[in-house]
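Below are the chains, spelled out letter by letter.
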Amino acid sequence: MILPVLRGSKVCLRAPREDDATLLARYLNDFGVSGNLARVPFPYHLADDRAWLHSRRPDIAPDDANFSIELEGAGYVGHIGFHPGTDGPVIGYWLGRPFWGQGLMSEAAQMCVDWFFEKTQAPAIYSGAFRFNAASLAIQGKLGFTETGRSWLLCLARGAEVEHIDTKLTLGVWKARRT
């Protein structure tokens, strides 16, 4: 499947490109960003970024699809996407610090979840956030995710297991919220 371009009122979601590398590395080399993510090391280098970008293929399954988030006038500002999890697809996301608090991720997450459920009709999407990441949990709450439990998850940037609030959004809840 070739990733579509999804356009919202504030952001555009598109396939990752090689020219995202410099800004991607700059934003993820901020502990305030990487320290909220499970699978990102700190410090984060351009070589880490290029290796990840090379792993992206144009013919990717929806549960492994990733979108670059672009803001008109600013270009690349962050990332949102899926990876297969033990219970089902997991959505993750982040924005560069200069773009926090502007409603950009709420819009990007809504568009991404809409695209995923419309494309797959999967029974649920899973997510969560470290206990201290109130902004991420607020976005999930707006989308209809509910807490399913707590776990301990390795945070590469912190080099430690951190308490994680596990969440889930079912297809039924998504459909009910869309009507």
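To start, this report covers the structure provided alongside it. Treat the numbers as computed from the prediction; the structure is a model and nothing was measured.

Cut-offs applied
- Residues numbered from 1 in each chain as written.
- Predicted model: local features only at pLDDT ≥ 70, side-chain atom pairs only at ≥ 80, totals over all residues.
- Heavy atoms only, no water.
- Helix = DSSP H or I, 4+ residues; strand = E, 2+ residues; numbered from the N terminus.
- Contact = heavy atoms within 4.5 Å.
- Polar contact = N/O pair within 3.5 Å; in protein donor to acceptor, adjacent residues only side chain to side chain.
- Phe/Tyr/Trp six-rings, centres within 6.5 Å; stacked < 30°, edge-to-face > 60°.
- Buried < 20%, exposed > 50% of the residue type's maximum accessible area, 1.4 Å probe, protein only.
- Salt bridge = Lys/Arg side-chain N within 4 Å of Asp/Glu carboxyl O.
- Axes fitted to C-alpha atoms, helices over the stretch in contact; angles between N-to-C directions.
- Parallel < 35°, antiparallel > 145°, perpendicular 65-115°, else oblique.
- Left-handed = near helix turned anticlockwise from the far one by under 90°.

**Topic: the environment of Asp20**
Right, so step 1: As for its placement among the helices and strands, Asp20 is situated in the loop between strand E2 (11–14) and helix H1 (21–28).
Right, so step 2: Along the primary structure Asp20 and Arg50 are separated by 30 residues, whereas in three dimensions their C-alpha atoms are 9.3 Å apart.
Right, so step 3: Contacts of Asp20, omitting those with residues within four sequence positions, involve Arg14, Ala15, Asp49, Ser68 and Tyr76.
Right, so step 4: A polar contact of 2.7 Å, which involves the side chain of Asp20, links it to the side chain of Ser68.

**Some thoughts on the packing of aromatic side chains**
Right, so step 1: A full pass over the atoms with the stated rule returns 10 aromatic pairs.
Right, so step 2: Judged by centre distance (6.3 Å) and plane angle (65°), the ring pair of Phe116 and Phe117 falls under edge-to-face. Both residues of the pair, Phe116 and Phe117, belong to the buried class.
Right, so step 3: Following the ring pairs from residue to residue traces out a cluster consisting of Phe67, Phe82, Trp115, Phe116, Phe117 and Trp174.

**Structural notes on the pattern of salt bridges**
Right, so step 1: Going through the model one piece at a time under the given rule, you end up with nine salt bridges.
Right, so step 2: Residue Arg17 pairs with Glu70 through a salt bridge whose shortest N-O separation is 3.6 Å. Here the residue Arg17 occupies a position in the loop between E2 and H1, and Glu70 occupies one in strand E3 (residues 66–71), the gap between them amounting to 53 residues.
Right, so step 3: For Arg17, a relative accessible area of 38% translates into the label partly exposed.

**Examining the packing of helix H4 (residues 104–120) against helix H5 (residues 134–143)**
Right, so step 1: Two numbers describe how H4 lies on H5: the axes approach to 10 Å, and their chain directions differ by 45°. As summarised for this structure, H4 and H5 are arranged oblique, according to the angle between their axes. Every pair of crossing elements has a handedness; the one defined by H4 and H5 is right-handed. Of H5, the residues touching H4 (which contributes Met105, Ser106, Ala109, Gln110 and Val113) are Ile139, Lys142 and Leu143.

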